[in-house]
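A look at the structure
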Amino acid sequence: LEDFIRKTIVESLNLPITPESIDENAPLFGPEADGGLELESLSSLEILAALSDKFQSPLDDIEASDFYSISALADYLRRQVEEKRATIPSAEVP
């Protein structure tokens, strides 16, 4: 999931880096000196739109802390999948 998120961020923001170069625990919006990507706040909306599109589901209850890092985004998406599974009757879960 982390690799998928890295690739989505690089592609949706047209970043001049490889997905593999993003540390999963580095702050996405932090300074480059701290390993961050120095993204702007508008980037979070673009990332959210790209992930919503790829998951074919609105991701509208996301908190700022969920955008801290690749790892935090992955945790958020895992929670979303679990919550959606919990709302589907057991006979419909693949």
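The rules behind these values
- Residues numbered from 1 in each chain as written.
- Predicted model: local features only at pLDDT ≥ 70, side-chain atom pairs only at ≥ 80, totals over all residues.
- Heavy atoms only, no water.
- Helix = DSSP H or I, 4+ residues; strand = E, 2+ residues; numbered from the N terminus.
- Patch = residues over 30% accessible without salt bridge, like charges linked within 9 Å, V, L, I, M, F, W, Y side chains within 5 Å.
- Areas by Shrake-Rupley, 256 points an atom, 1.4 Å probe, with all protein chains shown as cover.
- Salt bridge = Lys/Arg side-chain N within 4 Å of Asp/Glu carboxyl O.
- Buried < 20%, exposed > 50% of the residue type's maximum accessible area, 1.4 Å probe, protein only.

Remarks on unusual backbone geometry
- For asparagine 14, which is not glycine, the phi torsion reads 50° and is therefore positive.
- Within the element layout of this structure, asparagine 14 appears in the loop between helix H1 (2-13) and helix H2 (41-55).
- For glutamate 38, which is not a glycine, the phi torsion comes out positive at approximately 55°.
- Checked against the element boundaries, glutamate 38 lands in the loop between H1 and H2.

Re a nonpolar patch on the surface
- A cluster of nonpolar side chains, contributed by Leu1, Phe4, Phe55 and Val81, occupies part of the molecular surface with about 280 Å² of accessible area.
- Within the secondary structure, leucine 1 is located in the segment before H1.
- Overall, leucine 1 belongs to the partly exposed group, its relative accessible area being 36%.

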